Amino acid sequence: MATHLAAVSPANGQPFELQTRPTPKPGPDELLIAVKSVALNPADAIMRGQGLFISTYPTVIGFDMSGLVLEIGNNVPATSFRPGITRVAAYAASVWKSCDPDYGPFQERCLVPWQHAVPLPDEGMSWNCAATLPVAVQVPLSAWDAMGIPRMGDVTAKNTPGKKEALLIWGASSSVGTMGVQTARLLQDDPSSSFAAVYATAGSANKSYVSSLGADRVFDYKDPQVVDAIVSAAKEDGLVIRYCFLATGQLAPCQAVLKAFLGEDQERNKTITAKIASAPVVPPDAEVVNGVETIFVMPSMVEGERLEQFQYWIGTWLRENLVKATITPSPEPSVVGKGLGAINAGLDKLLRGVSCTKLIVEVAE
């Protein structure tokens with residue numbers, strides 16, 4: 001029986017241990033990936049420390065990966081995924097597989113539904129850059145879907161009365177925030193959208209970088225008057241803000257910005273006219289603001305629906321925009337170590353706080 005090395009989570013709150021595991025065979029609609037690089041996410045640290053999503057131990061976790069397709073199961077499009085040839089970035093399905101260890105990418109071999117994977121367009125993109133893509137792309141795209149924003153090129157979208165809105169990205173120097181800016185810029189460029197500008201918040205050190213990704217205005221989130229500054233800028237530009245993607249940070253200032261654009265009639269009638277899509281879990285004690293709906297961003301827990309979502313987010317949108325070079329991996333990857341044994345230290349570093357970078361562990365050459 002073939003085996004491989006894995007960084008196994010032995011118990012709730014315990015560091016990963018290197019162990020040998022049997023290498024699985026891909027089932028229908030699945031790929032077996034030789035993992036080359038993994039990107040680290042806050043959810044990885046929460047799962048290691050608190051057991052989030054994990055029902056049984058031992059297991060293998062993780063979300064972001066890049067690697068080489070080794071084998072394909074039945075029903076996998078053979079023209080897109082060629083064993084031994086196709087390089088991919090992929091979003092792990094572990095959470096939707098009851099944390100079955102075969103589906104966690106913190107190991108040398110991992111199973112992935114083909115709908116969760118995107119073939120890389122050429123050899124020019126490194127494994128490290130590719131590994132930064134899946135979660136960073138999926139979260140903002142699912143945020144736009146959750147808020148009911150028409151997808152780019154959606155011919156069924158209703159005609160808009162002109163571009164009169166600004167789309168706000170809060171926490172734009174985080175990984176999902178940087179890609180939120182890039183995807184928002186493409187929404188802005190869509191002739192059928194109502195967005196005329198992309199606004200973003202970031203720390204002062206990262207404002208230039210966020211601007212380079214496509215934000216028209218970038219505000220310092222540490223400014224005590226940041227809410228007033230955003231509202232004043234939008235009114236100066238003749239725009240309204242009805243949609244906000246909270247990539248990271250606090251909910252309250254996002255609510256305050258959107259509340260400023262609610263008309264008195266809507267406020268009095270409590271009609272929801274503004275929406276916040278939150279990547280962080282919404283606190284149970286969060287204030288409820290009349291006229292502003294807050295939605296926690298999460299793919300569907302229904303397998304068929306989830307696979308359709310990922311096939312669009314990763315297999316269609318990401319693939320097309322990589323081929324057209326209309327997006328670039330962001331933010332810059334930072335390698336914290338080589339080999340699976342570096343994951344524990346990498347997550348410890350993540351917990352201490354990072355900004356405008358994506359931590360990477362190189363699993364194999």
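Quick notes on the rules
- Residues numbered from 1 in each chain as written.
- Predicted model: local features only at pLDDT ≥ 70, side-chain atom pairs only at ≥ 80, totals over all residues.
- Heavy atoms only, no water.
- UniProt positions renumbered as here; feature names shortened; annotations may be inferred.
- Buried < 20%, exposed > 50% of the residue type's maximum accessible area, 1.4 Å probe, protein only.
- Helix = DSSP H or I, 4+ residues; strand = E, 2+ residues; numbered from the N terminus.
- Pairing = 2+ DSSP bridges.
- Axes fitted to C-alpha atoms, helices over the stretch in contact; angles between N-to-C directions.
- Parallel < 35°, antiparallel > 145°, perpendicular 65-115°, else oblique.
- Contact = heavy atoms within 4.5 Å.
- Nonpolar A, V, L, I, M, F, W, Y, C, P; charged D, E, K, R; others polar.
- Polar contact = N/O pair within 3.5 Å; in protein donor to acceptor, adjacent residues only side chain to side chain.

- As recorded by an unreviewed UniProt entry, the chain carries the name Chaperonin 10-like protein and is attributed to Aspergillus caelatus.
- As stated in UniProt under Sequence similarities (unreviewed entry), the record for the chain gives "Belongs to the zinc-containing alcohol dehydrogenase family."

## Side note on the pairing of strand β11 (residues 240-246)
And step 1. For β11, a buried count of 5 out of 7 residues is recorded, marking the element as mostly surrounded by other parts of the structure.
And step 2. The pairing of strand β8 (residues 165-170) with β11 spans 5 bridges and is classified as parallel. Within β11, the residue paired with leucine 168 across the bridge is cysteine 244.
And step 3. As paired strands, β11 and strand β12 (residues 274-278) are joined by 4 bridges and run parallel to one another. When the sheet's bridge partners are listed, tyrosine 243 is paired in β12 with lysine 275.

## As for the packing of helix α1 (residues 42-50) against helix α10 (residues 343-352)
Between two packed helices, both the angle of their axes relative to each other and the distance between the axes serve to describe the pair.
And step 1. One can describe the packing of α1 onto α10 by two numbers: an axis separation of 9 Å at closest approach and a directional angle of 110 degrees. With respect to each other, α1 and α10 are oriented roughly perpendicular. On α10, the residues touching Pro42, Asp44, Ala45 and Arg48 of α1 are Asn344, Leu347, Asp348, Leu350 and Leu351.
And step 2. Tallied by class, residues from the contact of α1 with α10 come to 5 nonpolar, 1 polar and 3 charged.

## Digging into the pairing of strand β4 (residues 64-72)
And step 1. Pairing between strand β3 (residues 30-39) and β4: 8 bridges, direction antiparallel. Following the sheet pairing, serine 37 is matched in β4 by serine 66.
And step 2. Note: β4 against strand β5 (residues 87-91), 5 bridges, orientation antiparallel. If you follow leucine 68 over to β5, its bridge partner there is arginine 87.

## Some words on the environment of arginine 217
And step 1. Its place among the elements puts arginine 217 in strand β10 (residues 217-220).
And step 2. As a C-alpha pair, arginine 217 and valine 198 span 19 residues in sequence and 6.8 Å in three-dimensional space.
And step 3. Excluding its chain neighbours within four sequence positions, the residues that come into contact with arginine 217 are Val198, Tyr199, Ala200, Ala233, Glu236 and Asp237.
And step 4. Within the local environment of arginine 217, its side chain forms a polar contact with the side chain of aspartate 237, the two groups lying 2.9 Å apart.

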